[in-house]
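Below, each chain spelled out in residue letters.
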Amino acid sequence: MRKKSDLPQKTCVTCGRPFTWRKKWEKVWDEVRYCSDRCRNERGSKERKQATPGA
């Protein structure tokens, strides 16, 4: 069994926190950009707020 410290890490695009590889991401690790569903969902709200000036 691997130690958690031996697993690959990435930095979340939304919050900037580091997150560690998970078994459920095994096949799509290269595509993973967000540490959680919350960060993935916040990404859309931040883009919409920036796209509508004066709102």
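Residues numbered from 1 in each chain as written. Predicted model: local features only at pLDDT ≥ 70, side-chain atom pairs only at ≥ 80, totals over all residues. Heavy atoms only, no water.

## Details of the overall build of the protein
And then number 1: The helix and strand tally for the protein stands at one helix and two strands.
And then number 2: Overall, the protein shows an N-to-C arrangement of helices and strands of β-β-α.
And then number 3: A total of 55 residues make up the protein; the buried ones form 22% of that total.
And then number 4: When the accessible area of the protein is evaluated, it comes to approximately 5000 Å², of which 47% is carbon and sulfur surface. (Helix = DSSP H or I, 4+ residues; strand = E, 2+ residues; numbered from the N terminus. Buried < 20%, exposed > 50% of the residue type's maximum accessible area, 1.4 Å probe, protein only. Areas by Shrake-Rupley, 256 points an atom, 1.4 Å probe, with all protein chains shown as cover.)

## Regarding the side chain of Thr20
And then number 1: Tracing the backbone shows Thr20 in strand β2 (residues 18-20).
And then number 2: Beyond its immediate chain neighbours, meaning those up to four positions away, Thr20 contacts Lys4, Leu7, Pro8, Gln9, Trp25 and Trp29. (Contact = heavy atoms within 4.5 Å.)

## With respect to the pattern of salt bridges
And then number 1: Following the criterion strictly, the structure yields three salt bridges and no others.
And then number 2: Lys23 is the salt-bridge partner of Glu26, the closest N and O atoms lying 3.0 Å from each other.
And then number 3: The closest approach of N and O atoms between Arg38 and Glu42, which form a salt bridge, is 3.1 Å. Of this pair, Arg38 and Glu42 are both found in helix α1 (residues 37-51), four residues apart, which corresponds to roughly one turn of the helix. (Salt bridge = Lys/Arg side-chain N within 4 Å of Asp/Glu carboxyl O.)

## Details of the confidence of the model for the protein
And then number 1: Taken residue by residue, the protein gives an average pLDDT of 84. The fraction at 70 or more is 78%.
And then number 2: When the elements of the protein are averaged for pLDDT, α1 gives the smallest value, 75, and strand β1 (residues 9-11) the largest, 95. (pLDDT = per-residue confidence, 0-100.)

## Observations regarding the packing of aromatic side chains
And then number 1: As enumerated under the stated definition, the model contains three aromatic pairs in all.
And then number 2: With 5.5 Å between their ring centres and 80 degrees between their planes, Phe19 and Trp25 make a pair best called edge-to-face.
And then number 3: Phe19 sits in the buried class, given a relative accessible area of 7%.
And then number 4: Feature note: the residues Phe19, Trp25 and Trp29 constitute an aromatic cluster, connected by ring pairs.
And then number 5: Its guanidinium or amino end placed over the ring of Trp29, Lys10 lies 4.6 Å from that ring's centre, counting from NZ or CZ. (Phe/Tyr/Trp six-rings, centres within 6.5 Å; stacked < 30°, edge-to-face > 60°. Lys NZ or Arg CZ within 6 Å of the ring centre and 35° of its normal.)

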